[in-house]
Amino acid sequence: MNSIDKNIVVISGPSGCGKDTVVKKILSTDERFVLSVSATTRAKRPIETDGVDYIFLTTEEFTTKLANDEFLEYTNYCNNYYGTLKQQIEDKVKAGKVVILVIEVEGAQNVKKVYPDCLTIFLAPPSLEELERRLKNRGTEDESKIKQRLFKAKEELGFQSSYDYIVENNYVEQCAQSIIDIFDNRD
Ligand code: 5GP
C-alpha cells in the first residue's frame, strides 16, 4: 500500500447523519487524525469558522482554483460547489498525519480512483425518519432545503455498498471509536 493512501480516510454519509460530530470526536480523541478542510461556495453557518470548518469561497474564487488544478476532487451539491484541495492532503500527510475527508459519495469515488487503497467509510443514520428529525432539529436549513437534502440522502444511501465499511451512527462515542478501530485493524 502506498504511503499517501494509507493516511487517507474518507467518510461519507447523508446530510444530518452526524458526520461532523463523529469526526470532531475522532479528532479530539486521537491526535493522529486531522481534517481536510474543504473549500465551498455555500454560505457560512453562524456556528462555522472560515478556515476551520470550511474555506469559504466565492464562485469566482472556486472556479479560479479549479482552473489552476488545485482540487483533488470537487462536486456540485444542492447548488453549491464543494472541493478537496490537493494541498490539504499533501501538507498534512507530509506532516505525518492521517487526513480525514468528510465528503459526499461522488467525491469519495473520485478520491478512491486517485488513492485506491484509502479507507472509505459510509456513516449510516439509524433510519430515514431519524435523519429527517435530526435535520429539522439542527435548524440550519429551511423546509425546502431540508426536502432537497432528504431527497439527496435517499440517493446517497444507495451507494453504501461501494464503501469499504458501513458504520451506523447511533451513539457518537461508539461510532467514533469504531472508525478508529477499523483504521487500526485494516490490512
Ligand atoms: P454541508 O453543506 O452539510 O456542510 O455539506 C454538504 C455535503 O457536501 C456533505 O455531504 C459533505 O460531506 C459534502 N462535502 C463537504 N466538503 C466536500 C468536498 O470537499 N468534496 C465533496 N465532494 N463533498 C464535500
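You'll find the structure just up there.
Please read these numbers as outputs of a predicted model, since none were measured by experiment.

1. Some words on the sheet that holds strand E9 (residues 165–168)
- Strand order in this open sheet of 5 strands is E2-E7-E1-E8-E9, and the pairing throughout is parallel. Each edge of the open sheet is held by one strand with a lone partner, namely strand E2 (33–35) and E9. With direction set aside, neighbouring strand axes in the sheet form an average angle of 30 degrees.
- Alignment of E2 against strand E7 (residues 98–102), held across 3 bridges, turns out to be parallel. Within E7, the position partnered with Val34 by the bridge is Val99.
- Here helix H1 (residues 19–29) sits on the sheet and contacts strand E1 (8–12), E2, E7 and strand E8 (119–124); the angle it forms with E7, its principal contact strand, is near 170 degrees.

2. Structural notes on the site of the ligand
- Of all residues adjacent to the ligand, which total 16 residues, the nearest are Ser38, Arg42, Tyr54, Tyr82 and Glu104.
- Between the ligand and Tyr54 there is a distance of 2.6 Å, counted from an oxygen atom to a side-chain nitrogen or oxygen.
- Contacts to the ligand include Thr84, whose backbone N or O atom sits 3.3 Å from an oxygen atom.
- Compared with its free state, where it exposes 510 Å², the ligand has 97% of that area covered by protein.
- Every element with two or more residues in the shell around the ligand is listed here: strand E5 (71–77) and strand E6 (80–85).

3. Regarding the pattern of salt bridges
- Counted by the stated rule, this structure contains 16 salt bridges.
- Put simply, Lys152 and Glu155 hold a salt bridge, and the shortest N to O gap is 3.6 Å. Linking Lys152 with Glu155, this pair stays in helix H6 (residues 143–157), spanning 3 residues, or about one helical turn.
- For Glu155, a relative accessible area of 41% translates into the label partly exposed.
- Overlapping salt bridges, with partners in common, bring together Arg42, Arg45, Glu48, Arg138, Glu141 and Arg149 in one network.

About the criteria used
Residues numbered from 1 in each chain as written. Predicted model: local features only at pLDDT ≥ 70, side-chain atom pairs only at ≥ 80, totals over all residues. Heavy atoms only, no water. Pairing = 2+ DSSP bridges. Helix = DSSP H or I, 4+ residues; strand = E, 2+ residues; numbered from the N terminus. Axes fitted to C-alpha atoms, helices over the stretch in contact; angles between N-to-C directions. Contact = heavy atoms within 4.5 Å. Near = heavy atom within 4 Å. Polar contact = N/O pair within 3.5 Å; in protein donor to acceptor, adjacent residues only side chain to side chain. Areas by Shrake-Rupley, 256 points an atom, 1.4 Å probe, with all protein chains shown as cover. Salt bridge = Lys/Arg side-chain N within 4 Å of Asp/Glu carboxyl O. Buried < 20%, exposed > 50% of the residue type's maximum accessible area, 1.4 Å probe, protein only.

It is worth stressing that arrangement in space is one thing and function is another; only the former is reported here.
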